[in-house]
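Coordinate inspection notes
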Amino acid sequence: MLKAEMLYSEEIANETCDCYYEEFTQTSSHQEAKTKCKLETKENLNHNRKI
């Protein structure tokens, strides 16, 4: 989260981990799961939350 210049939040961390786990179990691709969930987290933060 430091690299992404985001403040740590347990809620954000849990959402990101849940997303990664679900995506990874469906695709079996670490890179695809990581990429998709990074984008989803960024979009959610930009549209729904203020840090």
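Quick note: structure is the one above.
Now for a description of the structure that goes with this document. (Residues numbered from 1 in each chain as written. Predicted model: local features only at pLDDT ≥ 70, side-chain atom pairs only at ≥ 80, totals over all residues. Heavy atoms only, no water.)

1. Let's talk about the state of the cysteines
Simply put, disulfide is the name for a covalent bond between the sulfur atoms of two cysteines. Counted according to the given criterion, the structure contains 1 disulfide. Between the sulfur atoms of cysteine 19 and its disulfide partner cysteine 37 the distance amounts to 2.1 Å. Since a negative S-S torsion denotes a left-handed disulfide, the cysteine 19-cysteine 37 link at about -85° is left-handed. Of this pair, cysteine 19 sits in helix H1 (residues 10–27) while cysteine 37 sits in helix H2 (residues 30–48), placing them 18 residues apart in sequence. Residue cysteine 19 is classed as buried on the basis of its relative accessible area, which comes to 16%. Left unpaired, cysteine 17 is separated from the closest cysteine sulfur, that of cysteine 37, by 9.3 Å. (Disulfide = S-S within 2.5 Å. Helix = DSSP H or I, 4+ residues; strand = E, 2+ residues; numbered from the N terminus. Buried < 20%, exposed > 50% of the residue type's maximum accessible area, 1.4 Å probe, protein only.)

2. Quick notes on the packing of aromatic side chains
By the definition in use, this model includes 1 aromatic pair. Judged by centre distance (5.7 Å) and plane angle (10°), the ring pair of tyrosine 20 and phenylalanine 24 falls under stacked. Of this pair, tyrosine 20 and phenylalanine 24 both sit in helix H1, 4 residues apart, roughly one helical turn. For phenylalanine 24, a relative accessible area of 33% gives the class partly exposed. (Phe/Tyr/Trp six-rings, centres within 6.5 Å; stacked < 30°, edge-to-face > 60°.)

3. Some words on unusual backbone geometry
Backbone geometry at serine 28 places phi at a positive 60°, although glycine is not the residue there. Inspection of the secondary structure puts serine 28 in the loop between H1 and H2. Judged by relative accessible area, which is 59%, serine 28 ranks as exposed.

This is a description of form; function is not addressed.
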